[in-house]
Amino acid sequence: MIINTGLRTDIPAFFSKWFYNRIEDESVCVRNPYYKKQILSYKLNSELVDCLIFCTKNPKPMLSNLDKINDYNQLWFVTITPYEKEVEPNVPSVKNVIKSFKELSDNCGKDNIILRYDPIFIDEKYTLDYHINSFDKIASTLSDYTTEIVISFLDLYEKTKRNFPQAKEPLQEERLKIGEEFAKITRENGLLLKTCVEGTELDKFGIDSSGCMTKEVIERATRSNLNIKIKKARNGQCNCLLNNDIGEYNSCGHGCLYCYANSNKNLVKRNLKRHDPDSPLLIGNIDPKDEIKEVNQESFIIKEKTIQTKLF
């Protein structure tokens, strides 16, 4: 089984103590976002969990205790963008995240950490040239610490429209220019460039549009073959494996204007106050009336069979 921690919030940045408590307890619970009375219960041990996937803008709070998850295969996506505080109020500086990225790569290996540069939007301040120069600096600085970079463009979800009304999705001509220039930069630095849920319009520049969390990516991180059914996800535009996320919406404290996972600041503040590092749930605690469902877990790793040869 694959456990994802980062599609709904940023656990490494804000809930590292809680996460390590869950690892120590070898169990975690998550409230079903579509049926609030149902709680899914997962076992956390390295025999059942084939890979822990993290998505974060700030891995630093996790770094001092990484030895606690040494027994687990890990795949990290670390997002670094060049936006300032008016867009990303609580995200650490690019310099500091790059420093943490390098430390994480040294610990886990560069095949287990992927750089994300997203979402990309264009305005009077964050121009095409601004993005091209910023991407060049970040990619060249981290070329020895990762093997690939994932980019995507701003999507105007309803939540994003409310929280970031001045935002505009990049025009096709802007997307094509970024694809061409970014592809050139990654080639010069020996890196693979990918898009996710962006269609195939940038494929002509040698960009891989198959997805960021595909079976193949996870197999490389786990150094094993996986026997897992592929399900089309997110409009059928990628082959990413997105199930079994233990996060909760409306709990990320970064406050990014473009965020799709937070509805509003007040709800986030209320949820953060309800967080208990000792609870099996990320936000709040289990109610006696909750329905707890134990998830059927099994490893997807294909074990190599040993063939005994005849001696006589």
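Described in the following lines is the structure provided in the data block. Worth saying up front: this structure is predicted, and the values here are computed from it rather than measured. Along each chain, residues carry numbers from 1 onward, in the same order as the chain's sequence is written. In view of the model being predicted, local features appear only for residues whose pLDDT reaches at least 70, and side-chain atom pairs are presented and counted only at 80 or more, with totals across whole chains, interfaces and linings using the full set of residues. The side-chain quantities take in all heavy atoms of the structure and omit both hydrogens and water.

As for the overall build of the chain
Okay, so step 1: The numbering of helices and of strands both runs from the N terminus, where a helix is a DSSP run of H or I of at least 4 residues and a strand a run of E of at least 2. Each helix and strand counted, the chain has 9 helices and 9 strands in total.
Okay, so step 2: A compact globule built from 312 residues would reach a C-alpha radius of gyration of about 20 Å, and the chain, at 20 Å, matches this within 12%.
Okay, so step 3: The dimensions of the chain, computed from C-alpha atoms along their principal axes, are 65 × 65 × 35 Å.
Okay, so step 4: Burial classes follow relative accessibility: with a 1.4 Å probe on protein chains only, a residue under 20% of its type's maximum area counts as buried, one over 50% as exposed, and anything between as partly exposed. When each of the 312 residues of the chain is scored for burial, the buried share is 54%.
Okay, so step 5: Residues count as neighbours in contact if any of their non-hydrogen atoms are within 4.5 Å of one another. At a minimum sequence separation of 6, the contacts of the chain that also span at least 24 residues come to 72%.
Okay, so step 6: Carbon and sulfur atoms provide 47% of the accessible area of the chain, an area that totals close to 15,900 Å².
Okay, so step 7: Between the centroid of the 45 positive side chains of the chain and the centroid of its 45 negative side chains there is a distance of 3 Å. What the globule rule says is 2.2 Å times the number of residues to the power 0.38, and the radius of gyration is computed from C-alpha atoms. Per-residue and other accessible areas follow the Shrake-Rupley method at a 1.4 Å probe size, with only the shown protein chains counted as cover for residues. Neither His nor the chain ends is counted toward charge; the positive residues are Lys and Arg and the negative residues Asp and Glu. Taken as the charge location is NZ of Lys, CZ of Arg, CG of Asp or CD of Glu.

Description of the sheet that holds strand β3 (residues 38–43)
Okay, so step 1: Ordered in space as β2-β3-β9, the 3 strands form an open sheet in which the pairing is mixed. Strand pairing shows two members of the sheet lacking a second neighbour, β2 (27–31) and β9 (291–294), which therefore form its edges. Ignoring which end each strand starts from, the neighbouring axes of this sheet average 30 degrees apart.
Okay, so step 2: A pair of strands is labelled paired if DSSP reports no fewer than 2 bridges between them. Inspection of the sheet shows β3 paired to β9 by 4 bridges, in the parallel sense. Axis angles are defined between N-to-C directions and span 0 to 180 degrees, where every axis is a line fitted to C-alpha atoms and, for a helix, only to the segment in contact.

Concerning the packing of aromatic side chains
Okay, so step 1: In this scheme Phe, Tyr and Trp rings, the latter by its six-membered ring, pair at centre separations within 6.5 Å, and the angle between planes marks the pair as stacked below 30 degrees, edge-to-face above 60, and tilted otherwise. Counted under the stated rule, the structure contains 14 aromatic pairs.
Okay, so step 2: Consider the rings of tyrosine 117 and phenylalanine 182, whose centres lie 5.6 Å apart with planes at 85 degrees: the pair is edge-to-face. With a gap of 65 residues between them, tyrosine 117 in strand β6 (residues 113–120) and phenylalanine 182 in helix α7 (residues 172–188) connect regions that are remote in the sequence. With respect to class, tyrosine 117 is no different from phenylalanine 182; both count as buried.
Okay, so step 3: Summarising the aromatic geometry, the rings of tyrosine 157 and tyrosine 260 are spaced 5.8 Å apart at their centres and angled 45 degrees between planes, so their arrangement reads as tilted. With tyrosine 157 in the loop between β7 (148–153) and α6 (158–163) and tyrosine 260 in the loop between α8 (215–222) and α9 (265–274), this residue pair connects regions lying 103 residues apart in the sequence.
Okay, so step 4: Through pairs of rings, three or more aromatic residues link up here, namely Tyr83, Phe121, Tyr126, Tyr130, Phe164 and Tyr258.
Okay, so step 5: For lysine 68, the ring lying beneath its charged end belongs to tyrosine 20, and the centroid distance is 5.6 Å. Two conditions define a charge located above a ring, namely a distance within 6 Å from the ring centre to NZ of Lys or CZ of Arg, and an angle within 35 degrees of the ring normal.

Some words on the environment of lysine 110
Okay, so step 1: Positionally, lysine 110 belongs in the loop between α4 (94–108) and β6.
Okay, so step 2: According to the relative accessible area criterion, lysine 110 is partly exposed, its value standing at 39%.
Okay, so step 3: Measuring from C-alpha to C-alpha, the distance between lysine 110 and glycine 199 comes to 27 Å, with 89 residues separating the pair along the chain.
Okay, so step 4: If sequence neighbours within four positions are ignored, lysine 110 has contacts with Ser105, Asp144, Tyr145, Thr146 and Thr147.

Remarks on the packing of helix α5 (residues 128–141) against α7
Okay, so step 1: Viewed as axis vectors pointing N to C, α5 and α7 meet at an angle of 25 degrees, and their least axial separation amounts to 10 Å. Judged on the interaxial angle alone, α7 and α5 are roughly parallel. Note on packing geometry: the crossing formed by α5 with α7 is right-handed. Mapping the contact onto sequence places Leu128, His131, Ile132, Phe135, Asp136 and Ala139 in α5 and Glu174, Lys177, Ile178, Glu181, Phe182, Ile185 and Thr186 in α7. Under this scheme an angle from 65 to 115 degrees is roughly perpendicular, one under 35 degrees roughly parallel, and one over 145 degrees roughly antiparallel; angles in between are oblique. Less than a right angle of anticlockwise turn of the near helix away from the far helix marks a crossing as left-handed, whereas a clockwise turn marks it as right-handed.

Section: unusual backbone geometry
Okay, so step 1: Of note, the bond from aspartate 118 into proline 119 is cis; its omega dihedral lies within 30 degrees of zero at 0 degrees.
Okay, so step 2: Locating proline 119 in the fold gives a position in strand β6.
Okay, so step 3: Residue glutamate 26 is not a glycine yet carries a positive backbone phi of 60 degrees.
Okay, so step 4: Exposure remark for glutamate 26: the relative accessible area of 45% places this residue in the partly exposed category.
Okay, so step 5: Unlike most non-glycine residues, arginine 223 shows phi in positive territory, near 55 degrees.
Okay, so step 6: With respect to the helices, strands and loops of the structure, arginine 223 is situated in the loop between α8 and α9.
Okay, so step 7: We classify arginine 223 as exposed; its relative accessible area is 57%.

Some words on the nonpolar core
Generally speaking, a soluble globular protein has its nonpolar side chains buried in company with each other.
Okay, so step 1: The criterion is simple. A nonpolar core is a set of buried Ala, Val, Leu, Ile, Met, Phe, Trp, Tyr and Cys residues joined through side-chain atoms within 4.5 Å. Residues Phe19 and Ile69 are the most contacted members of the largest nonpolar core, which totals 55 residues.
Okay, so step 2: Looking at this core, the element that brings in the most residues is α4, giving 5 residues.
Okay, so step 3: Residues within four places of phenylalanine 19 in sequence aside, it is in contact with Thr5, Ile11, Leu52, Phe54, Met62, Ile69 and Ile246.

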